[in-house]
Amino acid sequence: LDLTGAEIEYAGHRMHVTTGKLGHFDPDTREVRGRLSVTSSIRPNVWTSDIRIRWQNHEFEVMMMSVQDLNDSGELKLKFIARWLPPVLA
C-alpha cells in the first residue's frame, strides 16, 4: 500500500510523507509494518510522544520507529511498527 501523501503527527507538528509503503498487516493484532520518508528538521522519538500516521480515512498509532538521516537537506527515512486504529462509528 502506497503511503505517499500521508501525514505524520508528532508532538503538535505535522509532517507530510514524500514516499512510503505499508507492508505486512496482521488482522488479528491490527499490527502493520512499513517505511517512509519525510523532510523535517524534527526527529520523531516514539519514547517521548504519541506519533500518528494518517492516510486517507485510516489512522495508525506508531509503537516502534527507527529514524535515519539520509542527507543534509533534512530528509529522514523512517521504519515503523504501528497499530491500525479502526474508525469510530458515530
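This one's a predicted model, so the numbers in the text were calculated from it and none came from an experiment.

The next thing to look at is the sheet that holds strand S6 (residues 75-85). Hydrogen bonds along the backbone pair up the strands of a sheet, which may run parallel or antiparallel. Read around the barrel, six strands follow the order S1-S2-S3-S6-S5-S4 and close on themselves; strand pairing throughout is antiparallel. Going across the sheet, the axis of each strand differs from the next one's by a mean of 40°, ignoring polarity. Looking at chain direction, strand S5 (residues 58-69) and S6 are connected through 10 bridges and run antiparallel. Paired with Val67 across the two strands is Leu78, which belongs to S6.

Here Asp69 is to be found in strand S5. Using a relative accessible area of 47% as the deciding quantity, one classes Asp69 as partly exposed. For the pair Asp69 and Thr39, spaced 30 residues apart in sequence, the C-alpha separation works out to 9.8 Å. In this structure, Asp69 is in contact with Arg43, Glu75 and Leu76, ignoring residues within four places of it in sequence.

With that settled, the discussion passes to the pattern of salt bridges. A full pass over the atoms with the stated rule returns eight salt bridges. Between Glu31 and Arg33 there is a salt bridge, with its nearest N and O atoms 3.7 Å apart. With a relative accessible area of 25%, Glu31 lands in the partly exposed category. A relative accessible area of 43% places Arg33 in the partly exposed class. Members of the salt-bridge network, linked through shared partners, are Glu7, Glu9, Arg14, Asp50, Arg52, Arg54, Glu59 and Glu61.

Rules used throughout
- Residues numbered from 1 in each chain as written.
- Predicted model: local features only at pLDDT ≥ 70, side-chain atom pairs only at ≥ 80, totals over all residues.
- Heavy atoms only, no water.
- Pairing = 2+ DSSP bridges.
- Helix = DSSP H or I, 4+ residues; strand = E, 2+ residues; numbered from the N terminus.
- Axes fitted to C-alpha atoms, helices over the stretch in contact; angles between N-to-C directions.
- Buried < 20%, exposed > 50% of the residue type's maximum accessible area, 1.4 Å probe, protein only.
- Contact = heavy atoms within 4.5 Å.
- Salt bridge = Lys/Arg side-chain N within 4 Å of Asp/Glu carboxyl O.

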